[in-house]
Amino acid sequence: MDKLLIVVLGPTGIGKTDIGIDLARHFNTGIISSDSRQMYRELKIGTAKPSAQQLAEVKHYFIDNLSINDYYNASLFEVQALEVLDGLFKTNNCALLVGGSGLYINALCQGIDDLPTIDPAVRQQLLDKFHLEGIEGLRLLLKNYDPEYYAQADLKNHKRILKALEVTLMTGKPYSSFLTRERKNRDFKIIKIGLNRPREELYQIIDLRVDQMIEAGLVDEARKFFPYRNLNALNTVGYKEFFEYFDHKISLETAISLIKRDSRRYAKRQISWFMRDKDITWFHPSQKEELLNFILSVQKQNTVLGIYSRPSS
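Here the structure is a predicted model, which is why all the values come from computation and not from measurement. (Residues numbered from 1 in each chain as written. Predicted model: local features only at pLDDT ≥ 70, side-chain atom pairs only at ≥ 80, totals over all residues. Heavy atoms only, no water.)

Caption draft 1: Spotlight on the overall build of the protein chain. Secondary structure assignment for the protein chain yields 13 helices and 7 strands. Computed over the C-alpha atoms, the radius of gyration of the protein chain is 20 Å, within 12% of the 20 Å expected from 2.2 N^0.38 for a compact globule of 313 residues. Each principal axis of the C-alpha atoms in the protein chain carries an extent, and together these give about 55 × 50 × 30 Å. Out of the 313 residues in the protein chain, the part that is buried amounts to 49%. Within the protein chain, counting contacts between residues at least 6 apart in sequence, those at least 24 apart form 75% of the total. Accessible area for the protein chain stands at about 15600 Å²; split by element, carbon and sulfur atoms hold 49% of it. Within the protein chain, the 39 negative side-chain charges are centred at a point lying 2 Å from the centre of the 43 positive side-chain charges. (Helix = DSSP H or I, 4+ residues; strand = E, 2+ residues; numbered from the N terminus. Rg over C-alpha atoms; globule rule 2.2 N^0.38 Å. Buried < 20%, exposed > 50% of the residue type's maximum accessible area, 1.4 Å probe, protein only. Contact = heavy atoms within 4.5 Å. Areas by Shrake-Rupley, 256 points an atom, 1.4 Å probe, with all protein chains shown as cover. Lys, Arg positive; Asp, Glu negative; His and termini not counted. Charge placed at Lys NZ, Arg CZ, Asp CG, Glu CD.)

Written as structure tokens, this is what we have:
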């Protein structure tokens, strides 16, 4: 049977971990995580990682593999995840990719453009500008250097803007000129399973999960990282809001309210990103049996909506 990568994706709080664990048990395979926050070993509560029991039961990759001080990007993930997949496929014709970071999912499934290595001095120069002028300073710089990418970029995502500016300053060429959007060849088939539920239902779950994180000690966990708040890894929902509280700029209640709001907004952006991908077949998380039957039917038929195959390069 052809090698098969099953991708389980969706917004934060949707239930990807539980579905992934169930599928990993069924197919007796491992899980590659495509959650860019769960990679940082120091961040425990606020990243909603699989439980210790789940991690012991099913082999996971790219969880707790980085320190908050490490630099990482989707290009590195593509190379490393392909190596992991190659190893998994030697003993099993099926593997799982589970997570909600769209850029990392695209990196493994279709590849990303080959970009130059960034000089740390260039990166620091831009980070200094960001810390001094905020995201607006980066936006103006991007608009000046690369108006084409500026017109399509997520201008609320400082990480994407930083990446574009890094490449532009390193090469002297607009970042948009590197975006060929040509899908790279893969020697395995891919099924993309999307999880979604009614918006209000999802938002209630997100709010409840934030409350559970608070009860589990998220405030104290965030406090430990307050001295490192300028690190890129800490500029994430669930931590950055508490840094404002520790700085005496907002109340604890306001910080918790902002975490819920920002988590809901993040989920909305994830859904918008994934809805552009017509290869995804969508299910409600409660449709476990239908979801599994769909995957089994794809395995049987070898071609169906939601799957694509590329020859070996």
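Caption draft 2: Spatial organisation of the packing of helix H1 (residues 16-27) against helix H13 (residues 288-301). Relative orientation of the contacting elements H1 and H13 amounts to 45°, with a least axis distance of 12 Å. On the basis of the axis angle, H1 is oblique to H13. Both H1 and H13 take part in a crossing whose hand is right-handed. Here Ile19, Asp22, Leu23, His26 and Phe27 of H1 come into contact with H13, specifically with Lys288, Leu291, Leu292, Ile295, Leu296 and Gln299. Residue classes in the contact of H1 with H13 are distributed as 7 nonpolar, 2 polar and 2 charged. (Axes fitted to C-alpha atoms, helices over the stretch in contact; angles between N-to-C directions. Parallel < 35°, antiparallel > 145°, perpendicular 65-115°, else oblique. Left-handed = near helix turned anticlockwise from the far one by under 90°. Nonpolar A, V, L, I, M, F, W, Y, C, P; charged D, E, K, R; others polar.)

Caption draft 3: Local environment of the pattern of salt bridges. Tallying each qualifying case throughout the model produces 18 salt bridges. For Glu201, the salt bridge identified is with Arg197, shortest N-O distance 2.5 Å. You can call Glu201 partly exposed: its relative accessible area is 29%. Between Arg261 and Asp262 there is a salt bridge, with its nearest N and O atoms 2.9 Å apart. Overall, Asp262 belongs to the buried group, its relative accessible area being 13%. Linked through salt bridges whose partners overlap, the residues forming this network are Asp22, Arg25, Glu57 and Lys288. (Salt bridge = Lys/Arg side-chain N within 4 Å of Asp/Glu carboxyl O.)

Caption draft 4: Seen up close, a positive patch on the surface. A surface patch of like charges, here positive, comprises Lys156, Lys159, Arg199, Lys240, Arg265, Lys268 and Arg269. Ranked by residues supplied to the positive patch, first place goes to helix H12 (residues 252-275) with 3 residues. Position of Arg269 relative to the elements: it lies in helix H12. (Patch = residues over 30% accessible without salt bridge, like charges linked within 9 Å, V, L, I, M, F, W, Y side chains within 5 Å.)

Caption draft 5: Structural context of the packing of helix H5 (residues 120-133) against helix H8 (residues 158-171). Contact geometry for H5 and H8: axes closest at 10 Å, N-to-C directions at 135°. Judged by the angle between their axes, H5 and H8 are oblique. Considering how the two elements wind past one another, H5 and H8 form a crossing that is right-handed. On H8, the residues touching Val122, Arg123, Leu126, Leu127 and Phe130 of H5 are His158, Leu162, Leu165, Glu166, Leu169 and Met170. Residue composition of the contact of H5 with H8, grouped by class: 8 nonpolar, 1 polar and 2 charged.

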